[in-house]
Amino acid sequence: MKILACDYDGTLNVGGTVSKENIEAIQKWRAAGNLFGMVSGRYLRYLREFMEKDGVQYDFLIGNNGAVISDENGKASECIGISLQTVEQLLAKIRATNPNHISVSFDEGSVLVKPESSVRLEDGALHIDGNRITEVTQLHANFLEDGKAVSLRDACARAFGDEVQCIMPGILGVDFISVRAGKPVGIRRLLELRGLDAEIILTVGDGDNDLAMLTAPDFCGYAMQSSMPVVLERVSRRTESVAALIEEYL
């Protein structure tokens, strides 16, 4: 049995669509007795909805860059959160940069933080516009201008680097997760929880937030040809598509 752990945006979904070739290749992969799943910065409910909409069959979902691991039904079974005190401080720093979009994610979903949003830490929970969140698995900030995401990432890494990883799914956005989380962490933990033993674990992605799973020594990582420059610099194995990678290993 082989396992393929795949990023979503820019990898499986390219240009806003999942190709027929990718869908059919995944069907062949699973029919041959192999496992396929998503490892994304997106939250689980989003992934489930888009897998259903796109008609993509899967065996597992790992959301929020490895901070949320699914059970066999795609529902959250284990989470790795950031301390709420750190989340409160990090949100204040992010909001001061006036990003276009801020979201706070938890086990199954996500909440938007608007410029006018009320955010407070009280009674062991983070309260955002009436939403009570007891465990935050990821924060995301997105900008409209080049350079601002990199500046925020670097500033937050200096201020919160002991507790938070600051990674970029693309040149305009930054994801913040616990230092205890990460895409390779999520994949390894999924294997432990399900008692899986694979002959090879393939990983494929295109962003800075994929680098850890693409360069992990216990995985066989592939970069999309269209990957961010930092990924192409560090990952020597390349593929044009998920379908092409599957055909290589079937």
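Residues numbered from 1 in each chain as written. Predicted model: local features only at pLDDT ≥ 70, side-chain atom pairs only at ≥ 80, totals over all residues. Heavy atoms only, no water.

Caption draft 1: Geometry of the overall build of the protein chain. Summing up its helical and strand segments, the protein chain has eight helices and 18 strands in all. For the protein chain, the C-alpha radius of gyration of 18 Å lies close to 18 Å, the compact-globule estimate for 250 residues. The principal-axis extent of the C-alpha atoms belonging to the protein chain is close to 50 × 35 × 30 Å. Here the protein chain holds 250 residues, and 51% of them are scored as buried. (Helix = DSSP H or I, 4+ residues; strand = E, 2+ residues; numbered from the N terminus. Rg over C-alpha atoms; globule rule 2.2 N^0.38 Å. Buried < 20%, exposed > 50% of the residue type's maximum accessible area, 1.4 Å probe, protein only.)

Caption draft 2: A look at the nonpolar core. With 28 residues, the main nonpolar core has Leu4, Tyr8, Leu12, Phe36, Met38 and Val56 as its most contacted residues. In this view, phenylalanine 36 contacts Leu4, Cys6, Leu12, Ile26, Trp29, Arg30, Val56, Gln57, Tyr58, Asp59, Phe60 and Val242; residues no more than four positions away in its chain are not counted. (Core = buried A, V, L, I, M, F, W, Y, C linked by side-chain atoms within 4.5 Å. Contact = heavy atoms within 4.5 Å.)

Caption draft 3: Summary view of the sheet that holds strand β4 (residues 35-39). The strand order across the open sheet built from eight strands is β7-β6-β5-β4-β1-β16-β17-β18, with neighbouring strands paired in mixed fashion. The open sheet has two free edges, formed respectively by β7 (76-79) and β18 (238-239), since each of these has just one partner strand. Here five bridges tie strand β1 (residues 2-6) to strand β16 (residues 200-205), and the two strands are oriented parallel to one another. By the bridge assignment for β16, alanine 5 is matched with threonine 203. Docked against the sheet, helix α2 (residues 44-54) engages β4, β5 (60-63), β6 (68-70) and β7, running at close to 140° with respect to β5. With respect to the sheet, helix α8 (residues 242-249) is in contact with β1, β4, β16, β17 (220-224) and β18, its orientation differing from that of β1 by roughly 165°. (Pairing = 2+ DSSP bridges. Axes fitted to C-alpha atoms, helices over the stretch in contact; angles between N-to-C directions.)

Caption draft 4: Helix α3 (residues 84-95), seen in detail. Between its first and last C-alpha, α3 extends 16 Å over 12 residues, near the 16 Å set by a 1.5 Å rise per residue. For α3, the complete set of buried residues consists of Leu84, Thr86, Val87, Leu90, Leu91 and Ile94. Buried residues along α3 cover an arc of 145° about the axis, so they all sit on one side. (Expected span 1.5 Å × (residues − 1). Arc of directions from axis to C-beta.)

Caption draft 5: Structural view of the pairing of β16. Of all the six residues making up β16, five are buried; the element is thus mostly covered by neighbouring parts of the structure. Here β16 runs beside β17; their pairing, made up of four bridges, is parallel. Bridge pairing in β17 places leucine 202 opposite cysteine 220.

Caption draft 6: The packing of helix α1 (residues 20-31) against α8, seen in detail. Following both chains from N to C, one finds α1 and α8 inclined at 30°, their axes separated by 8 Å at the closest point. One finds that α1 runs roughly parallel with respect to α8. Between α1 and α8 lies a crossing of left-handed hand. Residues Glu21, Asn22, Ala25, Ile26, Lys28 and Trp29 of α1 form the contact with α8, whose own contacting residues are Val242, Ala243, Ile246, Glu247 and Tyr249. Tallied by class, residues from the contact of α1 with α8 come to seven nonpolar, one polar and three charged. (Parallel < 35°, antiparallel > 145°, perpendicular 65-115°, else oblique. Left-handed = near helix turned anticlockwise from the far one by under 90°. Nonpolar A, V, L, I, M, F, W, Y, C, P; charged D, E, K, R; others polar.)

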